[in-house]
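Listed below are the residues making up each chain.
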Amino acid sequence: MNDADANARADLAERAARAGGAVAEGFFRRNVAVETKTGKTDVVTRADHDAQRQVVAAIRTEYPEDAIVGEESLPRSATNGGGEQSDPPEADELKQVPDAGPAWIIDPIDGTNNFVRDVPLWATSVAAVEDGEAVAAANVLPVLGDTYTADADGAYLDGEPISVSDETDPAAMVVCPTIWWPTDRREEYAVACRETVERFGDLRRHGSAQAVLSMVAAGQLDGVFTNVDANPWDTVAGALLVERAGGTVTDIHGEPWRHDSRGLVASNGEVHGELLAAAQAVEAVR
């Protein structure tokens, strides 16, 4: 894919993320009903479903044949009074990134636990990929009014170029252990926190992987790490933002990161080895 095509997709990623984010924001702090998926902290709302539909619709207007990978399994349409469906059933989105061809990766609300607790730190995320590699991304934080984007040329916050921090002293760095460790893996979570506070200046836990990766790209955080196998909708857009902003993104072994990598370590590149060591210490107790 050439730069012009990548930049066209970056423009659409931003427009689609803004449209989906506006739908989600319409439900924010409106007592929307909450359902659980795989566990008590894995929640979903109508806002997630409606926002994902809006993002998909925006993409389909320009790229009707592209594959779409979306977090949410959308409910089927309701039936009418005669027992027939009032609308055709919706096709669910893919859950894995295809190895070949163009595709889009969507998270309508990354940070739904924040969303349902009325915390404004959540993002609508859209990434464009080609042959499994990210080429464009947008992470929109509607309530905060922040839009992070990446195209072929760089990374931006509200249209202005951004770069990772230039901090080189671990004792002055702020680091975030990211992605949720499930209840049967809390020892790993505890080790992640201990490794962070012993190796670095301070720890943050914001509850949205796309938001914190965006913050690394903008120099607002110095690094994030996890040993968890993360979903592509939680990571791909943010990882591209960090790379385009001059940072380093690897798997838990220090190899270049992909959507199907083991773990994720993203930093400003200055002390990436320290972050890798922290992630590997967590992995050691898995």
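Before any of the text, the structure's been laid out above.
So, here is what we can say about the structure in this document. These figures come from a predicted structure and were not determined experimentally.

Within the chain, Asp-118 stands out as a residue other than glycine whose phi angle is a positive 70 degrees. Note on placement: Asp-118 falls in the loop between α3 (112-116) and β5 (123-130). Phi angles above zero are rare outside glycine, and Asp-131 is one such case at about 55 degrees. Among the structural elements, Asp-131 can be located in the loop between β5 and β6 (133-141). Here Asp-131 falls in the partly exposed class, since its relative accessible area comes to 41%.

Per the counting criterion, the structure on display carries 15 salt bridges. Here Arg-204 ties to Asp-202 by a salt bridge, and the two come within 2.9 Å at their closest N and O atoms. Classification of Arg-204 by relative accessible area gives partly exposed; the value is 32%. Close ionic contact of Glu-283 with Arg-262 constitutes a salt bridge, the shortest N to O distance being 2.8 Å. Linking Glu-283 in helix α7 (residues 272-284) with Arg-262 in the loop between β13 (248-250) and β14 (264-267), this pair joins segments that are 21 residues apart in sequence.

Bringing helix α5 (residues 209-217) into the picture now. Where burial is concerned, most of α5 is hidden: nine out of the nine residues are buried. Those residues of α5 not exposed but buried are Ala-209, Gln-210, Ala-211, Val-212, Leu-213, Ser-214, Met-215, Val-216 and Ala-217. Directly after α5, the chain includes Gly-219, whose backbone phi takes a positive value near 80 degrees.

Definitions and cut-offs
- Just so you know, the residues in each chain are numbered from 1, in the order the chain's sequence is written.
- Where local features are concerned, this predicted model is filtered to residues with pLDDT of at least 70; where side-chain atom pairs are given and counted, the filter is 80 or more; whole-chain, interface and lining totals use all residues.
- For side-chain calculations, the full set of non-hydrogen atoms in the structure is used, while hydrogens and water are omitted.
- Under the scheme used here, helices are H or I runs from DSSP no shorter than 4 residues and strands are E runs no shorter than 2 residues, and both carry numbers assigned from the N terminus.
- Under the scheme applied here, a residue whose accessible area is under 20% of the maximum for its type counts as buried, over 50% as exposed, and between as partly exposed, the area being computed with a 1.4 Å probe on protein chains only.
- Each salt bridge in this description consists of a side-chain nitrogen of Lys or Arg and a carboxyl oxygen of Asp or Glu lying within 4 Å of one another.

Geometry only, nothing functional implied.
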